[in-house]
Amino acid sequence: MITKEEAEFTALVQRRSRFVFRVAYAVLLNAHDAEDAVQETFLKLYRNHGWRQAENEQAFLARVAWRVALDRKRAAKAEGSMAGPELLLDVPARSDGPEQALVEANQHAVIHAMIDALPEELRLPLVLSAAEELNSREIGAILRIPEGTVRTRLQRARQILRQKLARHNPPNDACNQETQHA
Amino acid sequence: MPEKDELDRLLDSALASYADPGTGSGLEQRVLSSLAAPGAQGNTRSDVAGYRRWPARYRRWPAWAVAVPVAAALLLWFSIAKIHHAPAIQNQEAHQANGPQAPAASAPSHPDRSGAHNQTLAGAKPLIDSQAVMARLKSRPDTGPNRSTATEAVNPEPLPKLDVFPTPQPLTPQEQALVVVAAQTPEPELRALIEAEKQNGQPFPIAAAHIPPLEPPDEGAHDRQ
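This one's a predicted model, so the numbers in the text were calculated from it and none came from an experiment. (Residues numbered from 1 in each chain as written. Chains lettered and ligands numbered in written order. Predicted model: local features only at pLDDT ≥ 70, side-chain atom pairs only at ≥ 80, totals over all residues. Heavy atoms only, no water.)

1. Remarks on the overall build of chain B
Scanning chain B for helices and strands turns up twelve helices and zero strands. Here chain B, with 225 residues, has 14% of them falling under the buried criterion. Accessible surface, chain B: about 18800 Å² in total, of which carbon and sulfur atoms supply 62%. (Helix = DSSP H or I, 4+ residues; strand = E, 2+ residues; numbered from the N terminus. Buried < 20%, exposed > 50% of the residue type's maximum accessible area, 1.4 Å probe, protein only. Areas by Shrake-Rupley, 256 points an atom, 1.4 Å probe, with all protein chains shown as cover.)

Here it is in structure tokens:
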């Protein structure tokens, strides 16, 4: 017999598990640790019934998941068993054809590695803004930082990624100009 | 700038798929099944796993957290108990040491009177006439029953009063030897010995020292050298 509360919590898990996973992964950079953090996050929510009083469900879940992931990261760092970043191979395929999908998958994997290489203070706002399209005010409330700082970090993160991507994939125009000069 | 737009588009699409486990990953089912597992309400798998991942020094901290204060408290208790018991033990030891000696010191005082000591002091008059003191104490009028009861309450068993104060001690071997020598030596020799002892106490004469005055060296001695 499932009570109403259990049904609501089950719906919450099915609705927000992936979002919580992305927040945890942005901190831990490891899928197994991130999944453990997801389970711990929902278990805490189920124990203290805090999810029922949350005004902003997304921000509340992101805040709890971020704290849980940070605790796990500190514990793993103290133990010295912090796992290295791993690439998620479950990249959504496009319908542009298998060759184009392979190219994009490769590019996504490269960009994901670049995101992993970002500092955590830049990576987390970027993931939060991209995952569920949270605005700067909500991200600032989650991370307890000013809204202006969130915007600065987002710009800085995107700028770094663009620079790295430009170095990795030189634009065709620049290549053409160099060919003409030669 | 078309290449910039292309980069932004590529970034946005990569960010949208970043850390996404996907819809078919079964994450929700795994979370729900772990929550529904027996024992999930109390000690969860992740809690246990997290605890097991702790290094040994962190897993032992509850034992240390209990052992260190307990050891400190025991040490403090022992030191305090030692400080408090030390004067009591000293008093007890002193009482045990003095208790048997007092009768032993007073007991031989009476037999000594019949020994060699009494031979020399036979003609001397004692400093305190104990019989006269006892007679005076007996003749003192009693002040009433209240006074006596109060005195008994304070000191119910008064210590036995001694005839001579301070309590006479038995003669040491040196004193006994001196008594024997004094009894056996004739009187002229004793007087000569006493005179010699008196002369030993006088200051010993020391002849005055004569130091010749220093003469200044000859002025031409350095020139000759």
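2. What to know about unusual backbone geometry
Working note: non-glycine residues mostly have negative phi, and peptide bonds are mostly trans. In this model, A:Arg144 sits at a positive phi of 60 degrees, which is unusual for a non-glycine residue. Its relative accessible area of 58% is what places A:Arg144 among the exposed residues. Positive phi is not limited to glycine here, since B:Ala19 has a value of about 55 degrees. When you line up the elements, B:Ala19 lands in the loop between helix 1 (2-16) and helix 2 (27-36).

3. Here's the deal with the nonpolar core
Counting 63 residues, the largest nonpolar core has A:Phe9, A:Phe42, A:Leu128 and A:Leu143 as the members making the most contacts within it. In terms of residues, this core owes the most to one element, helix 1 (residues 4-28) of chain A, which gives twelve residues. (Core = buried A, V, L, I, M, F, W, Y, C linked by side-chain atoms within 4.5 Å.)

4. Observations regarding the packing of helix 6 (residues 120-131) of chain A against helix 8 (residues 147-168) of chain A
Residue and element names in this part refer to chain A. Taken N-terminus to C-terminus, the directions of helix 6 and helix 8 make an angle of 95 degrees; their axes are 8 Å apart at the nearest point. Between helix 6 and helix 8, the angle is such that the two are roughly perpendicular. Together, Glu121, Leu122, Pro125, Leu126 and Ser129 of helix 6 and Arg153, Leu154, Arg156, Ala157, Arg158, Ile160 and Leu161 of helix 8 make up the contact between the two elements. Residues of the contact of helix 6 with helix 8, tallied by class, amount to seven nonpolar, one polar and four charged. (Axes fitted to C-alpha atoms, helices over the stretch in contact; angles between N-to-C directions. Parallel < 35°, antiparallel > 145°, perpendicular 65-115°, else oblique. Contact = heavy atoms within 4.5 Å. Nonpolar A, V, L, I, M, F, W, Y, C, P; charged D, E, K, R; others polar.)

5. Observations regarding a nonpolar patch on the surface
All names here are of chain B. On the surface, Val66, Val70, Leu74, Trp77 and Phe78 cluster together into a nonpolar patch covering about 530 Å² of accessible area. Structurally, Leu74 is set in helix 5 (residues 61-106). On the basis of relative accessible area, Leu74 is assigned to the partly exposed category, the value being 44%. (Patch = residues over 30% accessible without salt bridge, like charges linked within 9 Å, V, L, I, M, F, W, Y side chains within 5 Å. Salt bridge = Lys/Arg side-chain N within 4 Å of Asp/Glu carboxyl O.)

6. Concerning the packing of aromatic side chains
According to the stated counting rule, one finds five aromatic pairs over all chains in the structure shown. Plain terms: the ring middles of B:Trp77 and B:Phe78 are 5.2 Å apart, the flat faces sit at 65 degrees to each other, and that makes the pair edge-to-face. As far as the burial class goes, B:Trp77 and B:Phe78 line up, both exposed. A:Arg67 extends its terminal NZ or CZ atom over the ring of A:Trp66, reaching a point 5.7 Å from the ring centre. (Phe/Tyr/Trp six-rings, centres within 6.5 Å; stacked < 30°, edge-to-face > 60°. Lys NZ or Arg CZ within 6 Å of the ring centre and 35° of its normal.)

7. Brief notes about the confidence of the model for chain B
Residues and elements named next belong to chain B. Confidence along chain B averages 69 in pLDDT terms, with 53% of residues attaining 70 or more. At the level of individual helices and strands, chain B shows its lowest average pLDDT in helix 6 (residues 109-112), which scores 44, and its highest in helix 10 (residues 173-184), which scores 89. In this model residues 43-54 is a low-confidence stretch, pLDDT under 50, and it forms 23 contacts with partners more than four residues away in sequence or in other chains. Note on residues 100-123: pLDDT under 50 across the span, and 19 contacts to partners over four residues away in sequence or across chains. (pLDDT = per-residue confidence, 0-100.)

8. Let's talk about the pattern of salt bridges
Two side chains with opposite charge may pair up if their charged atoms get near one another. If you walk through the whole model with that rule in mind, you get 13 salt bridges over all chains. Ionic pairing is found between B:Arg191 and B:Glu187, a salt bridge with its closest N-O pair at 3.0 Å. Residue B:Arg191 and its partner B:Glu187 are both found in helix 11 (residues 187-201); the two are separated by four residues, about one turn of the helix. In this structure B:Arg191 comes out as exposed when scored by relative accessible area, which is 54%. Taken together, the salt bridges that share partners define one network made up of A:Arg15, A:Arg16 and A:Glu57.

9. Focus on the confidence of the model for chain A
Residues and elements named next belong to chain A. When pLDDT is averaged along chain A, the result is 80; 79% of the residues meet or exceed 70. Low pLDDT (under 50) marks residues 87-95, which in the prediction has 19 contacts with non-local residues, meaning those over four places away or in another chain. Here residues 173-182 is modelled with pLDDT under 50, and outside its nearest four sequence neighbours on either side it reaches two contacts, counting other chains as well.

10. Topic: the environment of A:Leu70
Residue and element names in this part refer to chain A. Along the polypeptide, Leu70 turns up in helix 4 (residues 57-79). Residue classification places Leu70 among the buried residues on the basis of a relative accessible area of 11%. With 43 residues separating them along the chain, Leu70 and Val27 place their C-alpha atoms 6.8 Å apart. Discounting residues that sit within four places of it in the chain, Leu70 has contacts with Val27 and Glu120.

11. Brief notes about helix 2 (residues 31-48) of chain A
Residue and element names in this part refer to chain A. Taking 1.5 Å of rise per residue, the 18 residues of helix 2 would be expected to cover 26 Å, and the 26 Å separating its terminal C-alpha atoms lies within 8% of that figure. Burial runs high along helix 2: 14 of the 18 residues are buried. The backbone nitrogen of His32 has a side-chain oxygen 3.1 Å away, supplied by the residue at the start of helix 2, namely Asn30. A positive backbone phi angle near 55 degrees is found at His49, which sits one or two residues after helix 2. (Expected span 1.5 Å × (residues − 1). Polar contact = N/O pair within 3.5 Å; in protein donor to acceptor, adjacent residues only side chain to side chain.)

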